[in-house]
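Residue-level structural notes
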Amino acid sequence: MSMVYAADQDGDFIFVQGAFQDGLVFFAAAVDETEKFAADLRQSADGAAVMDFDGPPTAPLNFGVFVIFSVKGVGFEVKTLWPDANFIVKIIGAMFKIPLFRLIGDDGSGYFNVAYQIYTFMFIVATAGFPVAVSKMVSESLVNESESCANRVFKVAFRFLAVVGLIGTLIMIVFSDALANLVAIKGSSVGIMVIAPSVFFVSLASAYRGYFQGRQNMYPTALSEVVESTTKMLVGLIAAGWIMGMTVDGSLGQTIDLAAHKIASAHIQTIFASSGAIFGVTFGTLLSCLILSIIYIVHSRRKRELFRLPVKANDRTILKKLIMIAIPITIGAAIMPIMTNIDLMIV
């Protein structure tokens, strides 16, 4: 039997490959819950998933995706597949950006990237550390069997992130021209305004995701991310394609005529098409937030009585602890977006 076993430095991703005598090759990745693993996988006494091989080593997986490939000649046939949501999101992202950039051209791609990079920086600064902070505090509350405290942590984080997200959105709308001038790409101001509401929606979604992750339930996060990416791709490509299909009419007398499907110039068409693609991002984050809201409402109804129990900690103490946990994570996560935006300003 041949074996490959490796994990990254953070231990977030575990990869196991084993070639067996019965002609099966197993792959596993540490990303999700393990309650439905198939074949040679059992649960250990401490609740971890354990894959049994014909010989050592045995690989413990606390979370995982389990895929079985059947060897047939030189190829593989998928028998069972639990795909990693992050992998699906990356595939959808490639399916979105490759045809999009072909559609809107180099100038449109520049407008799109500027708006998207500024948005990325804003939402990371606003929310990066909070899903982890909420998850940690919710988990601690549940260990102490306090559903009401876990829900209080979520509500405090939700209200705080709603304010932060709203401020971030207003900053992007009010200073859209200034931000576009800062990177010397004036045409990107429209896209910055269009994507601005996404900061608010993502802020709310991060509170929901942190809450469910703290409950060891990754399904709402995975579902919302896949829906967000799929919506971004479909709406963005349709909107950009519809605008790029408009007839350019220099004598139009107005910027755009939706009824006649005409636009004043090719330059304006490119700006609006890139903004249409950006609208896909905004609509995707809105839909993702709505899905998480619905899941939370259904969940909270089931635990209504437990949520009403008294909580010792006050909101200020909870918020202070959330911020103290989130700040170091946010600083670390913001480094790359900061460097990217500096590149945009000096290139």
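Anything mentioned here points back to the structure above.
Residues numbered from 1 in each chain as written. Predicted model: local features only at pLDDT ≥ 70, side-chain atom pairs only at ≥ 80, totals over all residues. Heavy atoms only, no water.

1. A closer look at the packing of aromatic side chains
For the coordinates displayed, the defined rule picks out 16 aromatic pairs. Taking the centre distance of 6.0 Å and the plane angle of 70 degrees together, the rings of Phe101 and Phe112 count as edge-to-face. Phe101 sits in the partly exposed class, given a relative accessible area of 27%. Taking the relative accessible area as the measure of exposure, Phe112 reaches 0% and is therefore buried. The interplanar angle of 40 degrees and the centroid separation of 5.2 Å between the aromatic rings of Phe154 and Tyr208 together place this pair among those described as tilted. You can see Phe154 sitting in helix α3 (residues 147-174) and its partner Tyr208 sitting in helix α5 (residues 189-214), a full 54 residues away along the chain. With respect to burial, Phe154 and Tyr208 carry one shared label: buried. (Phe/Tyr/Trp six-rings, centres within 6.5 Å; stacked < 30°, edge-to-face > 60°. Buried < 20%, exposed > 50% of the residue type's maximum accessible area, 1.4 Å probe, protein only. Helix = DSSP H or I, 4+ residues; strand = E, 2+ residues; numbered from the N terminus.)

2. Observations concerning the pattern of salt bridges
Per the stated rule, a full pass over the model turns up six salt bridges. One salt bridge connects Glu140 with Lys321, and the closest N-O pair in it is separated by 3.1 Å. Of the two residues, Glu140 sits in helix α2 (residues 130-143) while Lys321 sits in helix α9 (residues 315-346), which places them 181 residues apart along the sequence. Owing to a relative accessible area of 38%, Lys321 belongs among the partly exposed residues under this scheme. As a salt-bridge pair, Asp249 and Lys262 come within 3.8 Å of each other at their nearest N and O atoms. With Asp249 in the loop between β9 (247-248) and β10 (256-257) and Lys262 in strand β11 (residues 262-263), this residue pair connects regions lying 13 residues apart in the sequence. Given the relative accessible area of 30%, Lys262 is considered partly exposed. Overlapping salt bridges, with partners in common, bring together Lys136, Glu140 and Lys321 in one network. (Salt bridge = Lys/Arg side-chain N within 4 Å of Asp/Glu carboxyl O.)

3. What to know about the environment of Ser109
Here Ser109 is to be found in helix α1 (residues 85-127). On the accessibility criterion, Ser109 (9% relative accessible area) is buried. Along the primary structure Ser109 and Thr270 are separated by 161 residues, whereas in three dimensions their C-alpha atoms are 9.0 Å apart. Separated by 2.7 Å, the side chain of Ser109 and the backbone oxygen of Gly105 make a polar contact. (Polar contact = N/O pair within 3.5 Å; in protein donor to acceptor, adjacent residues only side chain to side chain.)

Remember, this is a structural readout, not a statement about activity or role.
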